[in-house]
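# Chains, contacts and geometry: an overview
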Amino acid sequence: MNILLLIWMVITSLRDTREIFDDPVGLPNHVQWGNYLRAWQTGGFGPALVNSFVVSLASAAIAIAIAAPAAYTLARTKRRLGSSFTMLFALGLGVPAQLIIIPVYVAFAKTQTLTHLKLLDSMQGLMLVYVGLAMPFTVFLLTGYFRSLPVEVEEAACLDGAGPVRTFIQIVLPMARNGLITAFTMQVLGAWNETMFGLVMLTSDENKTLPVALMSFIDQQQFQGTDWGGMFAGVVIIMVPVLLLFVVLGQRLIAGMTAGVSK
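Rules used in this analysis
Residues numbered from 1 in each chain as written. Predicted model: local features only at pLDDT ≥ 70, side-chain atom pairs only at ≥ 80, totals over all residues. Heavy atoms only, no water. Phe/Tyr/Trp six-rings, centres within 6.5 Å; stacked < 30°, edge-to-face > 60°. Helix = DSSP H or I, 4+ residues; strand = E, 2+ residues; numbered from the N terminus. Buried < 20%, exposed > 50% of the residue type's maximum accessible area, 1.4 Å probe, protein only. Patch = residues over 30% accessible without salt bridge, like charges linked within 9 Å, V, L, I, M, F, W, Y side chains within 5 Å. Areas by Shrake-Rupley, 256 points an atom, 1.4 Å probe, with all protein chains shown as cover. Salt bridge = Lys/Arg side-chain N within 4 Å of Asp/Glu carboxyl O. Axes fitted to C-alpha atoms, helices over the stretch in contact; angles between N-to-C directions. Parallel < 35°, antiparallel > 145°, perpendicular 65-115°, else oblique. Left-handed = near helix turned anticlockwise from the far one by under 90°. Contact = heavy atoms within 4.5 Å. pLDDT = per-residue confidence, 0-100. Expected span 1.5 Å × (residues − 1). Polar contact = N/O pair within 3.5 Å; in protein donor to acceptor, adjacent residues only side chain to side chain. 1 Å grid on protein atoms, 1.4 Å probe; cavity = no way out; pocket = protein on both sides within 12 Å on 5 of 7 lines; lining within 4 Å. Points joined across faces, edges and corners; volume = space filled by probe spheres on them. Nonpolar A, V, L, I, M, F, W, Y, C, P; charged D, E, K, R; others polar.

### Considering the packing of aromatic side chains
Counted under the stated rule, the structure contains eight aromatic pairs. When the centroid spacing of 5.7 Å and the interplanar angle of 85° are considered together, the rings of Tyr72 and Phe146 count as edge-to-face. Placement of Tyr72 in helix 4 (residues 45-76) and of Phe146 in helix 7 (residues 123-147) is noted, with a sequence separation of 74 residues between them. For the residue pair Tyr72 and Phe146, the accessibility class agrees, reading buried in each case. An aromatic cluster of at least three residues, connected via ring pairs, comprises Tyr72, Phe146 and Phe168.

Listed below in structure tokens is the structure:
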């Protein structure tokens, strides 16, 4: 069913608006490659694509760099404090983003006023938000994955003279490759598809991400009729990188999620 829906979206992106209204599930009488050109140029999907790549990849890399050491520490801590902090991160998964969007915006505005550090309408500010949103899930997932790794390998490295940092970098991280790739990919997907914070925090056209560009493209045409062909072309542009990511990393994602939740 999902494959049929995907095929329908691609076909619809190659039709004009009149054809879509006349027959929503039909084939194009004339292939409208201009839909993609309008989405790319008029809708600003070209710069938005670059912005989405930068924000998604950078925020995912920073989130993994922060979450991996924290998760490893929690996984190897046998005191109650470790379990309590792990539960605290798990509780963070239940906090809705709608609840924190106003406090985050106010905090960024005050910080920008006091320090002249531009956090609103900037890629840096949006990346900071995405890193914060990624912490609960990423730490919780990686904690479970690190717990699934054999401790004996780390003990052997310790006997050979490796310190904690060297053991973590040279022994643990390579063994946790699937878990790290899973966490990285999930964060990339979350940042790639996120719309609400992008709409609130980004105002200039040069900083818009793909979901925000799609919303702006629709709003531009509300008084002259929606360009459905161009809109579906924009949706396909947003969707293709995600599908390619799943095709390339699908098996690693399943392996990482399975090991991460088993503990």
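### Remarks on a nonpolar patch on the surface
Taken together, the side chains of Ile102, Tyr105, Val106, Leu199, Val200 and Met215 define a hydrophobic patch exposed on the protein surface, amounting to about 500 Å² of accessible area. Only helix 6 (97-115) and helix 11 (196-201) provide two or more residues apiece to the nonpolar patch. Locating Leu199 in the fold gives a position in helix 11.

### A look at the packing of helix 7 against helix 10 (residues 177-193)
A pair of packed helices is characterised by two quantities: the angle between their axes and the separation of those axes. Contact geometry for helix 7 and helix 10: axes closest at 10 Å, N-to-C directions at 155°. Accordingly, the angle class assigned to the pair helix 7 and helix 10 is roughly antiparallel. Between helix 7 and helix 10 lies a crossing of right-handed hand. Of helix 10, the residues touching helix 7 (which contributes Tyr130, Val131, Ala134, Phe137, Thr138, Leu141, Leu142 and Tyr145) are Asn178, Gly179, Leu180, Thr182, Ala183, Met186, Gln187 and Ala191.

### With respect to the confidence of the model for the protein chain
Scored by pLDDT, the protein chain has a mean of 84; 90% of the residues are at 70 or more. For the protein chain, helix 5 (residues 80-92) is the element with the lowest average pLDDT, namely 73, and helix 4 is the one with the highest, namely 92.

### Comments concerning the pattern of salt bridges
For the structure shown, the criterion picks out four salt bridges. Close ionic contact of Arg15 with Glu19 constitutes a salt bridge, the shortest N to O distance being 3.7 Å. Taking relative accessible area as the criterion, Arg15 reaches 2% and is therefore assigned buried. Owing to a relative accessible area of 11%, Glu19 belongs among the buried residues under this scheme. Note that Arg76 is salt-bridged to Glu154, the shortest N-O span being 2.6 Å. Taken together, the residues span a long stretch of sequence, with Arg76 in helix 4 and Glu154 in helix 8 (residues 151-159) at a distance of 78 residues. Using a relative accessible area of 24% as the deciding quantity, one classes Arg76 as partly exposed. Since its relative accessible area comes to 8%, Glu154 is described here as buried.

### A look at helix 6
Residues that lie three or four places apart on an α-helix share one face, since the helix turns once every 3.6 residues. The terminal C-alpha atoms of helix 6 lie 26 Å apart, and with 19 residues this matches the ideal 27 Å at 1.5 Å per residue to within 8%. At the exit of helix 6 stands His116, carrying a positive phi of roughly 60°.

### Remarks on unusual backbone geometry
With phi around 55°, Asp121 is a residue other than glycine that occupies positive phi space. Within the element layout of this structure, Asp121 appears in the loop between helix 6 and helix 7.

### Here's the deal with the side chain of Ser122
Considering the arrangement of structural elements, one finds Ser122 in the loop between helix 6 and helix 7. Within the structure, the side chain of Ser122 is placed 3.2 Å from the backbone nitrogen of Gly125, a separation counted as a polar contact.

### Quick word on the layout of surface pockets
Of the volumes computed, that of the largest pocket is approximately 480 Å³. Elements that contribute at least two residues to the lining of the largest pocket include exactly helix 6, helix 7 and helix 10. Looking at the lining of the largest pocket, the element that brings in the most residues is helix 7, giving nine residues. Taken together, the residues that form the lining of the largest pocket break down as 17 nonpolar, five polar and one charged.

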